[in-house]
Amino acid sequence: QVQLVESGGGLVQAGGSLRLSCEASGRTLSSYVVGWFRQAPGKEREFVVAIEWSGGNIKYEDSVKGRFTIFRNSAKKTVYLQMNSLKPEDTAVYYCAAAQSSMLTSDSSKYAYWGQGTQVTVSS
């Protein structure tokens, strides 16, 4: 079992920045991919970014490339999502998720473990 707890959401003006954290506990994450997804009101959950815990390879969704950065602190078992140049369309509940996989994936069905989500609101 893997438990995930997100933090760091909040309200920010367009153009601002936020850093989300996802702290993992339970199993070692050496064979896992950790991803961030988001869900805006009335929309389906969508992939944002994922990182291989061991190899460090990363996959970004096109709309966040150049603005969002994912990185991890292995000692703290924490994955971070640094979000810069935020736009109103980034407003959503952001979820951290973990998939036991050797390959990066944007398929939410591959992720067995999910955090509770953290709200990000970007005002115009």
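For the structure given in this document, a descriptive report is provided here. (Residues numbered from 1 in each chain as written. Predicted model: local features only at pLDDT ≥ 70, side-chain atom pairs only at ≥ 80, totals over all residues. Heavy atoms only, no water.)

Observations regarding the nonpolar core
Then, in step 1: Counting residues in each nonpolar core, the largest one holds 30 residues, and the members touching the most others are Trp36, Leu81, Met83 and Tyr94.
Then, in step 2: Elements that contribute at least two residues to this core include exactly β1 (2-7), β3 (18-26), β4 (32-39), β5 (46-52), β7 (68-73), β8 (78-83), β9 (92-100) and β11 (118-123).
Then, in step 3: Other than its neighbours up to four places away in sequence, Tyr94 contacts Glu6, Leu20, Trp36, Phe37, Arg38, Val48, Phe68, Leu81, Met83, Gly117, Thr118 and Val120.
Then, in step 4: If you look at the next biggest cluster of nonpolar residues, it comprises seven residues, including Val33, Phe37, Phe47 and Ala50. (Core = buried A, V, L, I, M, F, W, Y, C linked by side-chain atoms within 4.5 Å. Buried < 20%, exposed > 50% of the residue type's maximum accessible area, 1.4 Å probe, protein only. Helix = DSSP H or I, 4+ residues; strand = E, 2+ residues; numbered from the N terminus. Contact = heavy atoms within 4.5 Å.)

Thoughts on the state of the cysteines
Then, in step 1: Counted under the stated rule, the structure contains one disulfide.
Then, in step 2: Here Cys22 is linked by a disulfide to Cys96, with a sulfur-sulfur distance of 1.9 Å. For the disulfide bridge between Cys22 and Cys96, the dihedral angle about the S-S bond is near -70°, and by the sign convention the bridge is left-handed. Here Cys22, found in strand β3, pairs with Cys96, found in strand β9; they are 74 residues apart in sequence, far enough to count as distant. (Disulfide = S-S within 2.5 Å.)

Some words on the packing of aromatic side chains
Then, in step 1: Taken as a whole, this structure holds seven aromatic pairs when the rule is applied.
Then, in step 2: Considering the side-chain rings of Tyr95 and Trp114, the 6.4 Å spacing of their centres and the 75° angle between planes classify their relative orientation as edge-to-face. Highlighted residues: Tyr95 in strand β9 and Trp114 in strand β10 (residues 113-114), separated in sequence by 19 residues.
Then, in step 3: Classification of Trp114 as partly exposed rests on a relative accessible area of 27%.
Then, in step 4: Cluster of aromatic residues (ring-pair linked, three or more members): Phe37, Phe47, Tyr95, Tyr111 and Trp114.
Then, in step 5: In this arrangement the basic side chain of Arg45 is found over the ring face of Tyr95, its NZ or CZ atom lying 4.0 Å from the centre.
Then, in step 6: A cation over a ring is seen here: Arg45 above Trp114, with NZ or CZ 4.5 Å from the ring centre. (Phe/Tyr/Trp six-rings, centres within 6.5 Å; stacked < 30°, edge-to-face > 60°. Lys NZ or Arg CZ within 6 Å of the ring centre and 35° of its normal.)

Geometric descriptors of this kind do not, in isolation, establish any biological role.
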